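Results of the structural survey
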Amino acid sequence: MGFEDVMLTGLAADGGLYVPATWPTLSRDTIAGFAGLDYQAQALEVLRPFVGGDFTDADLSADIADAYASFNHKAITPLVQLGSNDWLLELFHGPTLAFKDVAMQLLARLMDRALKRRGRRATIVGATSGDTGGAAVEAFRGRDAIDVFIMYPAGRVSDVQRRQMTTPPDANIHAIEIEGTFDDCQNILKALFNEHAFRDRYQLAGVNSINWARLAAQIVYYFAAGVALGAPHRRISFAVPTGNFGDVFAGYAAMRMGLPIERLVIATNVNDILERTYSTGRYEPRGVQATTSPSMDIQISSNFERLLFELSGRDAARVCDLMESLRAQGSFALSPAELEGFRDSFQAARASEAQISAQIQSLVMATGYVTEPHTAVGLACAGRVTRDPAVPMVTLATAHPAKFPAAVAAVLGREAPAPESVVRQRDLPERSSSLPNDPKAVASFIAGRARAGVPAA
Ligand SMILES: *Cc1c(COP(=O)(O)O)cnc(C)c1O
(Lines give C-alpha, C1' and ligand atoms only; values in the text may rest on other atoms or scores of the structure.)
Protein backbone atom coordinates (compact mmCIF):
# COMPACT_ATOMS: atom_id res chain seq x y z
CA MET A 1 0.00 0.00 0.00
CA GLY A 2 1.31 3.44 -0.95
CA PHE A 3 1.54 6.66 1.05
CA GLU A 4 -1.59 8.18 -0.46
CA ASP A 5 -3.81 5.17 0.33
CA VAL A 6 -2.41 4.97 3.86
CA MET A 7 -3.07 8.68 4.36
CA LEU A 8 -6.67 8.39 3.14
CA THR A 9 -7.48 5.32 5.24
CA GLY A 10 -5.67 5.95 8.52
CA LEU A 11 -6.23 2.57 10.10
CA ALA A 12 -5.54 -0.79 8.43
CA ALA A 13 -8.57 -3.02 7.81
CA ASP A 14 -7.32 -5.55 10.41
CA GLY A 15 -7.22 -2.81 13.05
CA GLY A 16 -3.41 -2.46 12.98
CA LEU A 17 -1.37 0.67 12.34
CA TYR A 18 0.66 1.37 9.23
CA VAL A 19 4.43 1.78 9.33
CA PRO A 20 6.85 2.20 6.42
CA ALA A 21 7.95 -1.12 4.87
CA THR A 22 11.56 0.02 5.36
CA TRP A 23 13.04 3.10 7.01
CA PRO A 24 14.55 5.41 4.42
CA THR A 25 17.89 6.83 5.53
CA LEU A 26 19.44 10.19 4.79
CA SER A 27 23.23 10.25 4.40
CA ARG A 28 25.45 12.38 6.62
CA ASP A 29 26.11 14.63 3.64
CA THR A 30 22.43 15.09 2.95
CA ILE A 31 21.80 15.97 6.58
CA ALA A 32 24.79 18.32 6.62
CA GLY A 33 23.30 20.00 3.54
CA PHE A 34 20.12 20.81 5.48
CA ALA A 35 22.07 23.55 7.25
CA GLY A 36 21.56 25.78 4.22
CA LEU A 37 17.87 25.04 3.75
CA ASP A 38 14.75 26.62 5.21
CA TYR A 39 12.11 24.53 7.01
CA GLN A 40 10.01 24.04 3.89
CA ALA A 41 12.95 22.75 1.83
CA GLN A 42 13.96 20.36 4.62
CA ALA A 43 10.37 19.12 4.76
CA LEU A 44 10.51 18.23 1.08
CA GLU A 45 13.73 16.21 1.59
CA VAL A 46 12.43 14.39 4.67
CA LEU A 47 9.01 13.57 3.20
CA ARG A 48 10.00 12.66 -0.36
CA PRO A 49 11.22 9.11 0.47
CA PHE A 50 7.94 8.31 2.28
CA VAL A 51 5.70 9.79 -0.39
CA GLY A 52 7.43 7.58 -2.94
CA GLY A 53 6.15 9.20 -6.11
CA ASP A 54 2.51 9.53 -5.00
CA PHE A 55 3.00 13.30 -5.16
CA THR A 56 5.41 15.04 -7.52
CA ASP A 57 8.08 17.26 -5.98
CA ALA A 58 6.27 20.27 -7.44
CA ASP A 59 2.93 19.33 -5.82
CA LEU A 60 4.53 18.40 -2.51
CA SER A 61 6.49 21.67 -2.43
CA ALA A 62 3.40 23.69 -3.26
CA ASP A 63 1.42 22.07 -0.44
CA ILE A 64 4.30 22.49 2.02
CA ALA A 65 4.63 26.18 1.12
CA ASP A 66 0.90 26.75 1.48
CA ALA A 67 0.64 24.79 4.75
CA TYR A 68 3.33 26.80 6.50
CA ALA A 69 2.25 30.17 5.10
CA SER A 70 -0.31 30.20 7.93
CA PHE A 71 2.43 30.11 10.60
CA ASN A 72 3.36 33.33 12.31
CA HIS A 73 7.11 32.67 12.58
CA LYS A 74 9.48 32.56 9.60
CA ALA A 75 11.42 29.65 11.08
CA ILE A 76 8.09 27.72 11.43
CA THR A 77 9.45 25.85 14.49
CA PRO A 78 11.97 28.22 16.12
CA LEU A 79 14.41 27.22 18.86
CA VAL A 80 14.67 29.28 22.03
CA GLN A 81 17.72 28.94 24.27
CA LEU A 82 16.91 28.53 27.97
CA GLY A 83 20.28 27.56 29.39
CA SER A 84 23.81 26.74 28.29
CA ASN A 85 22.74 23.54 26.60
CA ASP A 86 18.97 23.58 27.07
CA TRP A 87 16.59 24.56 24.34
CA LEU A 88 12.89 24.79 23.63
CA LEU A 89 11.53 23.93 20.21
CA GLU A 90 8.44 26.10 19.78
CA LEU A 91 5.90 24.10 17.80
CA PHE A 92 2.94 26.38 18.48
CA HIS A 93 3.20 29.09 15.82
CA GLY A 94 0.36 27.66 13.72
CA PRO A 95 -3.25 28.88 13.67
CA THR A 96 -4.53 26.88 16.68
CA LEU A 97 -1.49 27.41 18.91
CA ALA A 98 -0.49 23.75 19.41
CA PHE A 99 1.96 21.48 17.64
CA LYS A 100 -0.79 19.56 15.90
CA ASP A 101 -1.04 22.33 13.29
CA VAL A 102 2.41 21.41 11.98
CA ALA A 103 1.19 18.10 10.59
CA MET A 104 -2.51 18.85 10.13
CA GLN A 105 -2.01 21.89 7.90
CA LEU A 106 0.00 19.76 5.48
CA LEU A 107 -2.19 16.67 5.78
CA ALA A 108 -5.31 18.66 4.80
CA ARG A 109 -3.70 19.92 1.61
CA LEU A 110 -2.34 16.53 0.60
CA MET A 111 -5.69 14.84 1.27
CA ASP A 112 -7.60 17.46 -0.66
CA ARG A 113 -5.22 17.10 -3.61
CA ALA A 114 -5.46 13.28 -3.58
CA LEU A 115 -9.27 13.28 -3.35
CA LYS A 116 -9.70 15.81 -6.15
CA ARG A 117 -7.43 13.73 -8.35
CA ARG A 118 -9.62 10.70 -7.66
CA GLY A 119 -12.84 12.67 -8.07
CA ARG A 120 -13.95 11.56 -4.61
CA ARG A 121 -15.10 13.02 -1.35
CA ALA A 122 -14.21 11.86 2.15
CA THR A 123 -15.67 12.21 5.61
CA ILE A 124 -13.28 12.88 8.43
CA VAL A 125 -14.47 11.67 11.78
CA GLY A 126 -12.31 12.47 14.77
CA ALA A 127 -12.32 12.38 18.55
CA THR A 128 -10.41 15.02 20.44
CA SER A 129 -9.28 15.71 23.97
CA GLY A 130 -8.89 19.29 22.78
CA ASP A 131 -6.08 20.13 20.38
CA THR A 132 -6.55 17.70 17.49
CA GLY A 133 -10.11 18.94 16.96
CA GLY A 134 -9.21 22.60 16.55
CA ALA A 135 -6.23 21.77 14.35
CA ALA A 136 -8.39 19.59 12.10
CA VAL A 137 -11.19 22.16 11.87
CA GLU A 138 -8.77 24.94 10.99
CA ALA A 139 -6.89 22.82 8.43
CA PHE A 140 -9.92 21.35 6.64
CA ARG A 141 -12.47 24.19 6.83
CA GLY A 142 -13.91 25.20 3.48
CA ARG A 143 -12.38 22.25 1.60
CA ASP A 144 -14.80 21.05 -0.99
CA ALA A 145 -13.84 17.36 -1.02
CA ILE A 146 -14.00 16.82 2.74
CA ASP A 147 -16.56 17.03 5.54
CA VAL A 148 -15.29 17.07 9.12
CA PHE A 149 -17.09 15.70 12.19
CA ILE A 150 -15.23 16.20 15.45
CA MET A 151 -16.44 14.77 18.75
CA TYR A 152 -15.30 16.36 21.99
CA PRO A 153 -16.25 15.56 25.58
CA ALA A 154 -18.76 18.02 27.06
CA GLY A 155 -17.23 20.31 29.65
CA ARG A 156 -13.74 18.78 29.41
CA VAL A 157 -12.05 21.02 26.89
CA SER A 158 -10.86 24.56 27.56
CA ASP A 159 -12.90 27.53 26.28
CA VAL A 160 -10.17 28.37 23.82
CA GLN A 161 -10.09 24.82 22.51
CA ARG A 162 -13.89 24.66 22.18
CA ARG A 163 -14.18 27.95 20.32
CA GLN A 164 -11.56 26.85 17.82
CA MET A 165 -13.94 24.02 16.89
CA THR A 166 -17.27 25.82 17.17
CA THR A 167 -16.70 29.30 15.71
CA PRO A 168 -15.61 28.58 12.11
CA PRO A 169 -18.77 29.16 10.05
CA ASP A 170 -17.86 26.79 7.20
CA ALA A 171 -20.60 24.38 6.13
CA ASN A 172 -18.22 21.38 5.96
CA ILE A 173 -17.38 21.63 9.68
CA HIS A 174 -19.46 19.84 12.33
CA ALA A 175 -18.49 20.07 16.00
CA ILE A 176 -20.21 17.43 18.13
CA GLU A 177 -20.32 17.68 21.90
CA ILE A 178 -20.65 14.21 23.39
CA GLU A 179 -22.23 13.67 26.80
CA GLY A 180 -19.25 11.66 28.03
CA THR A 181 -15.46 11.54 28.37
CA PHE A 182 -12.70 11.54 25.77
CA ASP A 183 -12.54 7.75 26.05
CA ASP A 184 -16.26 7.61 25.20
CA CYS A 185 -15.60 9.74 22.13
CA GLN A 186 -12.78 7.41 21.10
CA ASN A 187 -14.98 4.36 21.58
CA ILE A 188 -17.67 5.86 19.36
CA LEU A 189 -15.00 6.60 16.77
CA LYS A 190 -13.78 3.00 16.83
CA ALA A 191 -17.35 1.70 16.58
CA LEU A 192 -17.97 3.84 13.48
CA PHE A 193 -14.75 2.69 11.80
CA ASN A 194 -15.56 -0.93 12.60
CA GLU A 195 -18.92 -0.62 10.88
CA HIS A 196 -17.50 -1.49 7.48
CA ALA A 197 -20.57 -0.69 5.38
CA PHE A 198 -20.82 2.74 7.01
CA ARG A 199 -17.10 3.32 6.72
CA ASP A 200 -17.13 2.53 2.98
CA ARG A 201 -20.33 4.36 2.15
CA TYR A 202 -19.16 7.63 3.72
CA GLN A 203 -15.47 7.13 2.87
CA LEU A 204 -14.44 7.67 6.47
CA ALA A 205 -10.92 8.95 7.02
CA GLY A 206 -9.10 9.41 10.32
CA VAL A 207 -6.81 12.27 11.26
CA ASN A 208 -5.79 11.19 14.75
CA SER A 209 -2.09 10.50 15.25
CA ILE A 210 -2.56 6.91 14.16
CA ASN A 211 -2.61 8.40 10.64
CA TRP A 212 0.94 7.78 9.43
CA ALA A 213 1.02 10.91 7.27
CA ARG A 214 0.71 13.04 10.40
CA LEU A 215 3.69 11.41 12.05
CA ALA A 216 5.71 11.70 8.85
CA ALA A 217 5.17 15.46 8.81
CA GLN A 218 6.34 15.65 12.44
CA ILE A 219 9.70 14.04 11.65
CA VAL A 220 10.70 17.24 9.90
CA TYR A 221 11.09 19.41 13.00
CA TYR A 222 13.43 16.94 14.66
CA PHE A 223 15.74 17.33 11.68
CA ALA A 224 15.32 21.09 11.55
CA ALA A 225 16.19 21.45 15.25
CA GLY A 226 18.97 18.86 15.14
CA VAL A 227 20.70 20.48 12.20
CA ALA A 228 20.35 23.94 13.71
CA LEU A 229 22.22 22.64 16.77
CA GLY A 230 25.02 20.97 14.84
CA ALA A 231 23.81 17.61 13.54
CA PRO A 232 25.09 15.48 11.91
CA HIS A 233 28.37 16.51 13.58
CA ARG A 234 26.85 16.65 17.07
CA ARG A 235 24.41 14.40 18.88
CA ILE A 236 21.16 15.89 20.22
CA SER A 237 18.62 14.74 22.82
CA PHE A 238 14.93 15.56 22.78
CA ALA A 239 12.40 15.62 25.63
CA VAL A 240 8.88 15.05 24.32
CA PRO A 241 5.66 15.61 26.30
CA THR A 242 3.55 12.71 25.13
CA GLY A 243 0.39 10.75 25.79
CA ASN A 244 -0.36 8.81 22.64
CA PHE A 245 3.33 8.20 21.83
CA GLY A 246 2.80 9.99 18.50
CA ASP A 247 5.19 12.89 18.69
CA VAL A 248 7.97 10.89 20.30
CA PHE A 249 7.56 8.13 17.72
CA ALA A 250 8.20 10.77 15.04
CA GLY A 251 11.48 11.43 16.87
CA TYR A 252 12.27 7.74 16.79
CA ALA A 253 11.61 7.79 13.04
CA ALA A 254 14.06 10.69 12.65
CA MET A 255 16.65 8.60 14.49
CA ARG A 256 16.04 5.62 12.24
CA MET A 257 16.48 7.91 9.25
CA GLY A 258 19.96 8.87 10.40
CA LEU A 259 19.59 11.91 12.67
CA PRO A 260 22.15 11.39 15.48
CA ILE A 261 19.77 11.47 18.44
CA GLU A 262 21.41 10.62 21.75
CA ARG A 263 18.21 10.03 23.72
CA LEU A 264 14.49 10.56 23.36
CA VAL A 265 12.99 11.41 26.72
CA ILE A 266 9.39 10.25 27.07
CA ALA A 267 7.79 12.87 29.32
CA THR A 268 4.42 12.04 30.86
CA ASN A 269 2.11 13.61 33.40
CA VAL A 270 0.59 11.43 36.16
CA ASN A 271 -1.10 9.37 33.45
CA ASP A 272 2.17 7.54 33.29
CA ILE A 273 1.58 4.29 31.45
CA LEU A 274 4.62 4.90 29.25
CA GLU A 275 6.93 5.66 32.16
CA ARG A 276 5.68 2.57 34.02
CA THR A 277 6.21 0.41 30.96
CA TYR A 278 9.74 1.77 30.69
CA SER A 279 10.61 1.06 34.30
CA THR A 280 8.81 -2.28 34.74
CA GLY A 281 8.46 -3.78 31.24
CA ARG A 282 4.71 -4.17 31.76
CA TYR A 283 2.22 -2.14 29.72
CA GLU A 284 -0.88 -1.79 31.84
CA PRO A 285 -3.51 0.95 31.41
CA ARG A 286 -5.06 2.36 34.59
CA GLY A 287 -7.85 4.89 35.05
CA VAL A 288 -7.25 8.32 33.55
CA GLN A 289 -6.82 11.26 35.91
CA ALA A 290 -7.71 14.78 34.77
CA THR A 291 -4.67 17.10 34.87
CA THR A 292 -3.67 20.59 33.77
CA SER A 293 -2.11 18.99 30.65
CA PRO A 294 -5.34 17.45 29.28
CA SER A 295 -3.94 16.61 25.85
CA MET A 296 -1.79 13.99 27.57
CA ASP A 297 -4.52 12.53 29.77
CA ILE A 298 -4.40 9.23 27.96
CA GLN A 299 -3.86 5.68 29.15
CA ILE A 300 -4.16 3.80 25.91
CA SER A 301 -1.11 4.98 24.09
CA SER A 302 -2.04 3.96 20.54
CA ASN A 303 1.23 4.65 18.79
CA PHE A 304 3.21 2.49 21.20
CA GLU A 305 2.04 -0.38 19.01
CA ARG A 306 4.29 1.00 16.28
CA LEU A 307 7.31 0.88 18.56
CA LEU A 308 6.43 -2.68 19.61
CA PHE A 309 6.70 -3.69 15.98
CA GLU A 310 10.25 -2.30 15.88
CA LEU A 311 11.29 -3.66 19.29
CA SER A 312 10.12 -7.15 18.34
CA GLY A 313 12.27 -7.11 15.21
CA ARG A 314 9.24 -6.30 13.02
CA ASP A 315 7.41 -9.42 14.11
CA ALA A 316 3.73 -8.74 13.28
CA ALA A 317 2.56 -11.97 14.91
CA ARG A 318 4.26 -10.95 18.15
CA VAL A 319 2.54 -7.53 18.09
CA CYS A 320 -0.83 -9.26 17.51
CA ASP A 321 -0.15 -11.50 20.53
CA LEU A 322 0.66 -8.54 22.75
CA MET A 323 -2.43 -6.64 21.58
CA GLU A 324 -4.54 -9.75 22.23
CA SER A 325 -3.10 -10.04 25.72
CA LEU A 326 -3.98 -6.37 26.30
CA ARG A 327 -7.56 -7.04 25.21
CA ALA A 328 -7.97 -10.27 27.15
CA GLN A 329 -5.92 -9.62 30.31
CA GLY A 330 -5.67 -5.85 30.40
CA SER A 331 -1.88 -5.77 30.08
CA PHE A 332 1.17 -7.29 28.39
CA ALA A 333 4.85 -7.72 29.23
CA LEU A 334 7.81 -6.86 27.03
CA SER A 335 10.46 -9.57 26.60
CA PRO A 336 13.89 -8.81 28.11
CA ALA A 337 15.27 -8.11 24.63
CA GLU A 338 12.37 -5.78 23.77
CA LEU A 339 12.78 -3.90 27.04
CA GLU A 340 16.51 -3.52 26.44
CA GLY A 341 15.82 -2.13 22.98
CA PHE A 342 13.32 0.32 24.47
CA ARG A 343 15.85 1.51 27.06
CA ASP A 344 18.61 1.85 24.45
CA SER A 345 16.88 4.63 22.55
CA PHE A 346 14.63 6.20 25.16
CA GLN A 347 14.53 7.52 28.70
CA ALA A 348 11.29 8.13 30.56
CA ALA A 349 10.10 10.30 33.43
CA ARG A 350 6.83 11.57 34.83
CA ALA A 351 5.87 14.92 36.30
CA SER A 352 3.28 15.40 39.03
CA GLU A 353 0.94 18.39 39.05
CA ALA A 354 3.09 20.01 41.76
CA GLN A 355 6.24 19.52 39.69
CA ILE A 356 4.52 21.02 36.65
CA SER A 357 3.52 24.21 38.44
CA ALA A 358 6.94 24.45 40.09
CA GLN A 359 8.50 24.16 36.64
CA ILE A 360 6.34 26.94 35.16
CA GLN A 361 7.17 29.10 38.17
CA SER A 362 10.93 28.49 38.15
CA LEU A 363 11.28 29.06 34.42
CA VAL A 364 9.60 32.45 34.70
CA MET A 365 11.84 33.35 37.63
CA ALA A 366 15.00 32.28 35.83
CA THR A 367 14.30 33.56 32.33
CA GLY A 368 10.97 35.43 32.18
CA TYR A 369 9.70 32.80 29.74
CA VAL A 370 6.04 31.87 30.24
CA THR A 371 5.16 28.30 29.37
CA GLU A 372 2.10 26.07 29.73
CA PRO A 373 1.60 22.70 31.46
CA HIS A 374 2.32 20.28 28.56
CA THR A 375 5.63 21.93 27.79
CA ALA A 376 6.37 22.10 31.51
CA VAL A 377 5.98 18.31 31.71
CA GLY A 378 8.70 18.06 29.07
CA LEU A 379 11.00 20.50 30.86
CA ALA A 380 10.48 18.88 34.26
CA CYS A 381 11.26 15.43 32.87
CA ALA A 382 14.28 16.68 30.91
CA GLY A 383 15.58 18.01 34.21
CA ARG A 384 15.19 14.66 35.95
CA VAL A 385 16.88 12.15 33.65
CA THR A 386 20.62 11.50 33.78
CA ARG A 387 22.29 13.12 30.81
CA ASP A 388 25.58 14.06 29.25
CA PRO A 389 25.82 17.84 29.80
CA ALA A 390 27.71 18.20 26.53
CA VAL A 391 24.71 17.01 24.52
CA PRO A 392 22.06 19.66 23.83
CA MET A 393 18.65 18.84 25.30
CA VAL A 394 15.75 20.13 23.23
CA THR A 395 12.34 20.13 24.90
CA LEU A 396 9.37 20.26 22.56
CA ALA A 397 7.08 23.20 23.42
CA THR A 398 3.80 21.71 22.24
CA ALA A 399 1.37 24.54 23.00
CA HIS A 400 1.22 28.31 23.40
CA PRO A 401 0.49 29.41 27.00
CA ALA A 402 -2.59 31.32 25.84
CA LYS A 403 -4.21 28.02 24.93
CA PHE A 404 -4.34 27.01 28.60
CA PRO A 405 -4.91 30.40 30.29
CA ALA A 406 -6.55 29.07 33.44
CA ALA A 407 -3.71 26.66 34.22
CA VAL A 408 -1.10 29.34 33.60
CA ALA A 409 -2.98 31.91 35.68
CA ALA A 410 -3.34 29.45 38.56
CA VAL A 411 0.46 29.28 38.81
CA LEU A 412 1.56 32.78 37.87
CA GLY A 413 -1.45 34.80 39.00
CA ARG A 414 -1.79 36.25 35.51
CA GLU A 415 -2.69 34.95 32.07
CA ALA A 416 -0.32 34.89 29.14
CA PRO A 417 -1.26 37.64 26.67
CA ALA A 418 -3.76 36.18 24.22
CA PRO A 419 -2.94 36.29 20.51
CA GLU A 420 -5.40 38.13 18.30
CA SER A 421 -7.02 34.94 16.97
CA VAL A 422 -8.04 33.90 20.50
CA VAL A 423 -9.45 37.33 21.31
CA ARG A 424 -11.42 37.46 18.05
CA GLN A 425 -13.02 34.05 18.66
CA ARG A 426 -14.45 35.21 22.00
CA ASP A 427 -17.02 37.34 20.19
CA LEU A 428 -18.00 34.92 17.45
CA PRO A 429 -21.17 32.81 17.58
CA GLU A 430 -20.60 29.14 18.42
CA ARG A 431 -22.10 26.25 16.50
CA SER A 432 -22.12 22.76 17.97
CA SER A 433 -24.49 19.80 18.23
CA SER A 434 -24.92 17.94 21.48
CA LEU A 435 -25.34 14.17 21.14
CA PRO A 436 -25.65 11.33 23.63
CA ASN A 437 -22.81 8.86 24.23
CA ASP A 438 -24.13 6.49 21.58
CA PRO A 439 -22.53 5.45 18.27
CA LYS A 440 -25.95 5.11 16.60
CA ALA A 441 -26.85 8.72 17.32
CA VAL A 442 -23.52 9.91 15.91
CA ALA A 443 -23.83 7.66 12.85
CA SER A 444 -27.24 9.01 11.95
CA PHE A 445 -26.05 12.58 12.51
CA ILE A 446 -23.21 11.98 10.06
CA ALA A 447 -25.43 10.15 7.58
CA GLY A 448 -27.73 13.16 7.41
CA ARG A 449 -24.92 15.59 6.65
CA ALA A 450 -21.93 13.94 4.94
CA ARG A 451 -21.72 14.66 1.23
CA ALA A 452 -19.55 11.60 0.47
CA GLY A 453 -22.49 9.21 0.85
CA VAL A 454 -24.85 11.08 -1.41
CA PRO A 455 -25.23 9.46 -4.84
CA ALA A 456 -24.69 11.94 -7.68
CA ALA A 457 -28.04 13.41 -8.77
C1 LIG B 1 -1.53 16.17 21.50
C2 LIG B 1 -0.66 16.92 22.44
C3 LIG B 1 0.40 16.31 23.12
C4 LIG B 1 0.68 14.84 23.04
O5 LIG B 1 0.94 14.39 21.73
P6 LIG B 1 1.19 12.83 21.44
O7 LIG B 1 0.83 12.63 20.01
O8 LIG B 1 0.36 12.09 22.40
O9 LIG B 1 2.62 12.58 21.62
C10 LIG B 1 1.20 17.10 23.91
N11 LIG B 1 0.98 18.42 24.06
C12 LIG B 1 -0.03 19.05 23.44
C13 LIG B 1 -0.24 20.51 23.67
C14 LIG B 1 -0.89 18.33 22.60
O15 LIG B 1 -1.89 18.96 21.96
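Read on for a plain summary of the structure. In this text the structure is predicted, and so the values were computed from the model without any measurement.

**Side note on the pairing of strand E3 (residues 122-127)**
Where burial is concerned, most of E3 is hidden: six out of the six residues are buried. The two faces of E3 match: Ala 122, Ile 124 and Gly 126 on one face and Thr 123, Val 125 and Ala 127 on the other face are all buried. Where E3 lies against strand E4 (residues 146-153), six bridges are found, and the strand directions are parallel. Paired with Ile 124 across the two strands is Val 148, which belongs to E4. The β-α-β motif built from E3, the intervening helix H6 (residues 131-140) and the parallel element E4 has right-handed crossover chirality. Summarising the sheet, E3 and strand E6 (residues 204-205) pair through two bridges and their orientation is parallel. What sits directly across from Thr 123, in E6, is Leu 204.

**Regarding the site of the ligand**
Contacts to the ligand come from 15 residues, most closely from Lys 100, Asp 131, Thr 242, Asn 244 and Thr 398. A distance of 2.6 Å separates an oxygen atom of the ligand from a polar side-chain atom of Thr 242. Between the ligand and the protein, one listed contact pairs an oxygen atom with a backbone N or O atom of Gly 243 at 3.0 Å. Burial of the ligand by the protein amounts to 97% of the accessible area it has alone, namely 380 Å². Tallied by class, the residues present in the shell around the ligand amount to five nonpolar, seven polar and three charged.

**Notes on the packing of helix H16 (residues 353-367) against helix H17 (residues 373-382)**
Where H16 meets H17, the closest approach of the two axes is 8 Å, and the angle between their N-to-C directions is 90 degrees. Judged on the interaxial angle alone, H17 and H16 are roughly perpendicular. Packed against H16, whose contacting residues are Ile 356, Gln 359, Ile 360 and Leu 363, the element H17 presents Pro 373, Ala 376, Val 377, Leu 379 and Ala 380 at the interface. Each residue belonging to the contact of H16 with H17 can be placed in one class, and the counts come to eight nonpolar, one polar and no charged.

**Quick word on the sheet that holds strand E5 (residues 173-178)**
What the five strands build is an open sheet, ordered E6-E3-E4-E5-E13; its pairing is parallel. In the strand order of this sheet, the two ends are held by E6 and strand E13 (433-435), each with one partner. Where helix H5 (residues 100-118) meets the sheet, its contacts fall on E3, E4 and E6, and the angle it forms with E4 comes to roughly 140 degrees.

**Some thoughts on the sheet that holds strand E1 (residues 79-83)**
Remark on secondary structure: sheet strands pair via backbone hydrogen bonds, oriented parallel or antiparallel. Read from one edge of the open sheet, six strands run E1-E2-E12-E7-E8-E11, paired in mixed fashion. The open sheet terminates on both sides in strands that have one partner only, identified here as E1 and strand E11 (346-350). Across this sheet, the average inter-strand angle for adjacent strands is 25 degrees, counted without regard to direction. Across the sheet, helix H11 (residues 246-256) touches strand E7 (236-241), strand E8 (261-268), E11 and strand E12 (393-397), and the angle it forms with E8 is around 170 degrees.

**Some remarks on helix H7 (residues 159-166)**
The buried count for H7 comes to seven of eight residues, which makes it a mostly enclosed element. Every buried residue belonging to H7 is among Val 160, Gln 161, Arg 162, Arg 163, Gln 164, Met 165 and Thr 166, and all of these are buried. Residues of H7 that are buried make contact with H6, E4, E5, helix H18 (405-412) and helix H19 (420-425).

Parameters at a glance
Residues numbered from 1 in each chain as written. Predicted model: local features only at pLDDT ≥ 70, side-chain atom pairs only at ≥ 80, totals over all residues. Heavy atoms only, no water. Buried < 20%, exposed > 50% of the residue type's maximum accessible area, 1.4 Å probe, protein only. Helix = DSSP H or I, 4+ residues; strand = E, 2+ residues; numbered from the N terminus. Pairing = 2+ DSSP bridges. Right-handed = clockwise from strand over helix to strand, strands pointing away. Near = heavy atom within 4 Å. Polar contact = N/O pair within 3.5 Å; in protein donor to acceptor, adjacent residues only side chain to side chain. Areas by Shrake-Rupley, 256 points an atom, 1.4 Å probe, with all protein chains shown as cover. Nonpolar A, V, L, I, M, F, W, Y, C, P; charged D, E, K, R; others polar. Axes fitted to C-alpha atoms, helices over the stretch in contact; angles between N-to-C directions. Parallel < 35°, antiparallel > 145°, perpendicular 65-115°, else oblique. Contact = heavy atoms within 4.5 Å.

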